[in-house]
Each structure stands twice: as structure tokens, then as C-alpha cells.
Amino acid sequence: MQVTVRYFAAFREAAGRETETVETRACTPRVLFDECRSRYAELQAWESSLVAINDEMARWDSEIGEGDEVLFFPPVAGG
Amino acid sequence: MQVTVRYFAAFREAAGRETETVETRACTPRVLFDECRSRYAELQAWESSLVAINDEMARWDSEIGEGDEVLFFPPVAGG
Amino acid sequence: MKRFSVTTRPIDLDLFRGQLTDPRCGAYVQFEGWIRDHNEGQAVLRLEYEVYEPLAVKEGETILSEATKRFGILRAAAVHRAGLMELGEAAVVVGVASPHRAEAFDACRYVIDQLKVRLPIWKKEHYASGKTEWVNCRRCAEHG
Amino acid sequence: MKRFSVTTRPIDLDLFRGQLTDPRCGAYVQFEGWIRDHNEGQAVLRLEYEVYEPLAVKEGETILSEATKRFGILRAAAVHRAGLMELGEAAVVVGVASPHRAEAFDACRYVIDQLKVRLPIWKKEHYASGKTEWVNCRRCAEHG
């Protein structure tokens, strides 16, 4: 299936891009993120990273569907 | 001895005066206040009232001396 | 500028806050006491504060010093109104600036809690009914 | 006016506070996050916030609703800066108005605590040394 990936802040700088459309068989954001890491050497996992799917906060083991937009958020630091 | 008494807020209204100089043998503000109450029928004791002597917060059993100014504060309500 | 002051005019919040800015501080907490339109079921039209200023200022400074030592904050100030006030005005403002927020919240809370019970300040409420009453002093007021 | 908003311009504190006035409220607590001149020993010149606004606004509204329900306050609002900021400016402001002060303090604290960990907002510090760093993300930054 095809999904769109968006990288934010430090993740965007590490991946060298803000968004990409990928062909994947990943069923969860966690598996998808690992696939992305295999393409971008500088993209590091980070334990308090967050993830959203289609502008809703999601879990790393949520289900991804065809055409979804998956947003990878490095550790947030508002305020 | 002679001391000056000052009444504040509701106490002033009850005593009908702001200040007075009295001859007294009262050794503490508590005894002095009881003397004042015997003169002003409307002056009521009130459990969380405070007292000061010469612009320093004091206790009801502090010692009063000649020429002191004793300030009677009804329950405070700042803020 | 004195850290604790009493004023008969509306509190200038920009000026108040301005005196507390500090580049070492990442957190600022401000408390304001507003005049409510009701108290215990009665419609309040306006308020009057009687302040015994010499002792109020001394005790206010003491409370701010206590908060500074106890919570390790960098800046604290407070101002209290005296005299007649209208609904919606701020009767008291407390401001605390600190490197981090936990101690700013705790210190601000401490200062307002202490100000309310230790300062020689009395509040008289003027009700829509025409009555007035010294707050905290129902029995005194009945006779006053 | 939306209760939670994001802005690229300096926050107008008078306007912000003005939207929260309420004659039923006797207590108002405001928190401000200020840009400090140091972080972990490095001199900070300025800051940059990246905000993913669609989700930040949604999550910010959710947090304000949670605080309103949980603490029984009457009014709450917050605003967060996006983009480049200078020292001394407020990066975030939270305001809570309530009949009494205890719940105003608790609710304000809850809102800022939650905003800091749940909003998709990232802070990049620009240091006097010329370096920049994403806060909370040292390892990412080394590679970024």
C-alpha cells in the first residue's frame, strides 16, 4: 500500500526531507519508522517520540491503512 | 500607666472612635481589650482578631508598657 | 521600586509585570484577586478596602522575603488596593519570576495565602440592597 | 475567540487577559514562559519554535477542556508562539479565571504541564557560539 510520511523538526533535518510517499507493507507506525531509518542513516529513534495518523495522535502500534498520512514527531518541547 | 488605643474597621465603628488615650493597669492586650469592651457595648470579641503594639504584630498575651500604642485589628480580609 | 506597595489607584499591570522581568527566569506566575459580583448570595456593587499601611507594607515585605528564601525564586512583588473599588478591578496582584515553573507556582500561592491572613486589611462590601458589611466579621458588622 | 491559539507575533497580554475577565470570578492565575538567556550552561541568543498547528490547536483545546471539567474553573485560554523569538519575550501564556483561587492555581499548572508534553511543538535554541540545538533531542541534533 501507499502512505505519506511527514517528518518534523529534528526528524526532518535527519531525513533531509519534510514529506515523502512510500510503498510499504508496514502495518504500524513503529514498523514504518524502522523502514525509514534503514533509508536515512541520520534518522535516530528516540524514546519519547510521538506519532500521529491523519492529524490524530496515535500509538506506535496503531494500525496504518492505505493512503494514510503518518506524522513522526521527535520529542516535543513546547512552552 | 497611660496607653494609646487604636481601633480599626469594624472595631472602630463599634467603639465609635478611631483612637483614645486611656489610664490602665492592664498588662496585656487581652486584658486591655476586655476593659475597652466594658465601655463600648457594641465592641465584640472575635476569635481571629489580631493585635499590634507600636506597629509590630504582637500576641494577645504580650506585655504592654507605659506610652505604648496598642492596635486592635478585627479579622483581616485582604485580597 | 518597593516589592510590596499599597495604592488607591487602579493597578498598572504592565508596569507591575515590567519590574519583574529577568533574563535568568523562564517562568512567571501572576495572581490577581478580582472583585466578584456576588458573595454568599448577595449582589456586590463595589468594595472598600481599609489598609493600615505602615504595618501592611512591613508585613507584605516580610512575606515576599519568606517566599524568596523558602522557594528559591528570583523575583517577587505584590500590590494591594486601598479605598473604594469597582467590580472587575484587581484588588491585589502577586507576581513571581523564577528559572523554573514549579517554584514560581508554589511561591505565588504562598504569597497570596499569607497576604490574605496576615495583612492588616479589611474589606467592606457594598450590596445592591444598600447594606454594607465587613467581610469575615459578621458579628462585628451587625453592630457596626 | 478561540481558547487556544498559535501566533508568530508577540503576544498581546492585555488582549489575552481581557478575554478572560468574568464578574463571577474572584481569582485569576496567569503563567508565562519566558525565553531565558541560558540553558544548561550555554548562552542562548534567541529561540525558534516549530509548531504543527492543526494538531497543536486541537490538542491545546482538548487540554483546556480537560482543565475546565477537572477543576471546575470558569475560563481558561492559552496562546503559544511560533517562529523566531528574542530573549525576554513570552513563548507561551496560560490564563485561568475562577470563583476561588485554589482551583485557578491547580488548573493553570495542569494546563502548562500538559501543553509542554503533548503539543507538537519543537524548540530550537540558537547559542552565542553560533550552534543551534533542538531542545529535548540531543542525539537527533548531533546528526541534524
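Everything quoted here is computed from the prediction, not taken from an experiment.

Cut-offs applied
- Residues numbered from 1 in each chain as written.
- Chains lettered and ligands numbered in written order.
- Predicted model: local features only at pLDDT ≥ 70, side-chain atom pairs only at ≥ 80, totals over all residues.
- Heavy atoms only, no water.
- Phe/Tyr/Trp six-rings, centres within 6.5 Å; stacked < 30°, edge-to-face > 60°.
- Helix = DSSP H or I, 4+ residues; strand = E, 2+ residues; numbered from the N terminus.
- Buried < 20%, exposed > 50% of the residue type's maximum accessible area, 1.4 Å probe, protein only.
- 1 Å grid on protein atoms, 1.4 Å probe; cavity = no way out; pocket = protein on both sides within 12 Å on 5 of 7 lines; lining within 4 Å.
- Points joined across faces, edges and corners; volume = space filled by probe spheres on them.
- Nonpolar A, V, L, I, M, F, W, Y, C, P; charged D, E, K, R; others polar.
- Salt bridge = Lys/Arg side-chain N within 4 Å of Asp/Glu carboxyl O.

Caption draft 1: View of the packing of aromatic side chains. Throughout the structure, instances matching the rule amount to 28 aromatic pairs over all chains. Aromatic pair Phe-73 of chain B and Tyr-52 of chain C: ring centres 6.2 Å apart, planes at 50 degrees, arrangement tilted. Residue Phe-73 of chain B is found in strand β5 (residues 69–73), and its partner Tyr-52 of chain C is found in the loop between β4 (42–51) and α2 (53–71); the two belong to separate chains. Neither Phe-73 of chain B nor Tyr-52 of chain C differs from the other in exposure class; each is buried.

Caption draft 2: Broad picture of empty space enclosed by the protein. All told, the structure shown has two cavities of 30 Å³ or more when counted by the stated rule. Space inside the largest cavity adds up to approximately 90 Å³. Leu-13, Asp-14, Arg-17 and Gln-30 of chain C together with Leu-13, Asp-14, Arg-17 and Gln-30 of chain D together form the lining of the largest cavity. Looking at the lining of the largest cavity, the elements that each hand over two or more residues are α1 (13–18) of chain C together with α1 (13–18) of chain D.

Caption draft 3: Geometry of the layout of surface pockets. Considering only enclosed or pocket space, the largest pocket measures out at about 560 Å³ in volume. Counting only elements with at least two residues in the lining of the largest pocket, the list comes to β2 (27–34), β3 (38–39), β4 (42–51), α3 (101–118) and β8 (121–127) of chain D. Class assignment for the residues of the lining of the largest pocket results in 14 nonpolar, eight polar and eight charged. Here the second largest pocket is characterised by a volume of approximately 470 Å³. Lining of the second largest pocket is provided by 29 residues; of these, Arg-36, Asn-39, Lys-123 and Glu-125 of chain C together with His-100 of chain D occupy positions nearest its centre.

Caption draft 4: Spatial organisation of the pattern of salt bridges. Under the defined criterion, the tally for this structure stands at 34 salt bridges over all chains. Arg-3 of chain D is the salt-bridge partner of Glu-61 of chain D, the closest N and O atoms lying 3.5 Å from each other. With Glu-61 of chain D in helix α2 (residues 53–71) and Arg-3 of chain D in the segment before β1 (4–7), the pair connects residues that are 58 residues apart, well separated along the chain. Linked through salt bridges whose partners overlap, the residues forming this network are Arg-6, Glu-18 and Glu-69 of chain A.

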